[in-house]
Amino acid sequence: MNVEVLPDAAAVATRAARFIAAQARDAVAVRGRFAFAVSGGHTPWLMLKALAAEQVPWASVHLFQVDERIAPPGHADRNLTHIQESLGARAPLDPDDLHAMPVEDADLAAAAARYSAQLRTVTGSPPALDLVHLGLGPDGHTASLVPGDPALQVVDTDVALTGVYQGRRRMTLTYPVLDRARQVLWVVTGAEKAAIVPRLRAGDTSIPSGHVRPDRALLLLDAAAAGEPVR
């Protein structure tokens, strides 16, 4: 795992956006398309705003979600709401290429299977995303793979449903598809993450994030998350 420490969340967001843009240009040059998945969080919304201003071959980009809360359309709890506000309204990404998790369906199990099929259609079978963006919770969770949830044990499908976490069930990508990604980009900011970051870096498998393969990963930290004095 490569690690970079930047002064603050804004600097992390800018660096992350530039990294994603470079990965997109390289992927399109080699494979003709760039398929990536994003997680939620305050710094990622800054990242997506910055990405909209970068040189990205948008006509060849597919954007997936790492996870999503089961909530009504347009709800502030929905990651999709913020993705649309941060990136969709600013970048010329074809709306058909923004692949939203279908969490409004009555049959959520069938919806998760359909999302897995979308991943296969765009990225191959088994699905291999070009880049997955992940965050890190103070409890060590990533995506919606949270401590103690049955989704941690799912290995036979790329999309799973979780139990209730912080008031809502979720739909999430699972370890197999995360580990097939050509690049993992961790974006971690805030002093509340400082205690868990060393465990992520050590590959501590007692926390969910410690199960994600580290060899194709870039970890971007702000000084607070790295446990450094903030100047």
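Residues numbered from 1 in each chain as written. Predicted model: local features only at pLDDT ≥ 70, side-chain atom pairs only at ≥ 80, totals over all residues. Heavy atoms only, no water.

Computed from the structure, the largest pocket encloses a volume of approximately 680 Å³. Lining the largest pocket are 30 residues, and of these G40, G41, H42, R69 and H141 sit closest to its centre. Put simply, the parts of the chain that give the lining of the largest pocket at least two residues each are α2 (42-52), β4 (67-69), α3 (79-88) and β9 (184-188). Of all the elements, α2 adds the most residues to the lining of the largest pocket, at four residues. (1 Å grid on protein atoms, 1.4 Å probe; cavity = no way out; pocket = protein on both sides within 12 Å on 5 of 7 lines; lining within 4 Å. Points joined across faces, edges and corners; volume = space filled by probe spheres on them. Helix = DSSP H or I, 4+ residues; strand = E, 2+ residues; numbered from the N terminus.)

Mapped onto the elements of the fold, H75 is located in the loop between β4 and α3. H75 sits in the partly exposed class, given a relative accessible area of 30%. With sequence-adjacent residues up to four places away left out, H75 is seen in contact with T81 and R168. (Buried < 20%, exposed > 50% of the residue type's maximum accessible area, 1.4 Å probe, protein only. Contact = heavy atoms within 4.5 Å.)

Judged by nonpolar contacts, the single largest core of 41 residues is most densely connected at L129, L134, L173 and W186. Per-element accounting of this core gives the leading share, six residues, to helix α4 (residues 108-123). (Core = buried A, V, L, I, M, F, W, Y, C linked by side-chain atoms within 4.5 Å.)

If you walk through the whole model with that rule in mind, you get twelve salt bridges. Residue E68 is joined to R78 by a salt bridge in which the shortest nitrogen-to-oxygen separation is 3.0 Å. Here E68 is found in strand β4, whereas its partner R78 is found in the loop between β4 and α3, with ten residues between them in sequence. Judged on exposure class, the residue E68 and its partner R78 are both buried. Among the ionic pairs, R199 bridges to D204, the shortest N-O distance being 2.8 Å. Residue classification places R199 among the partly exposed positions, given a relative accessible area of 34%. Each of R31, R33, D130 and R182 takes part in a single network of salt bridges with overlapping partners. (Salt bridge = Lys/Arg side-chain N within 4 Å of Asp/Glu carboxyl O.)

Take the pairing of strand β2 (residues 34-38) next. When you tally the buried positions in β2, you get five out of five residues, the bulk of the element. Going residue by residue along β2, you find F34, F36 and V38 tucked away on one face and A35 and A37 tucked away on the opposite face as well. For the crossover that starts at β2, traverses α2 and ends in the parallel strand β3 (residues 61-65), the hand is right-handed. Two elements, β2 and strand β6 (residues 131-134), share two bridges in a ladder whose sense is parallel. (Right-handed = clockwise from strand over helix to strand, strands pointing away. Pairing = 2+ DSSP bridges.)

Note that every value here comes from positions in space, so none of it alone points to a role or purpose.
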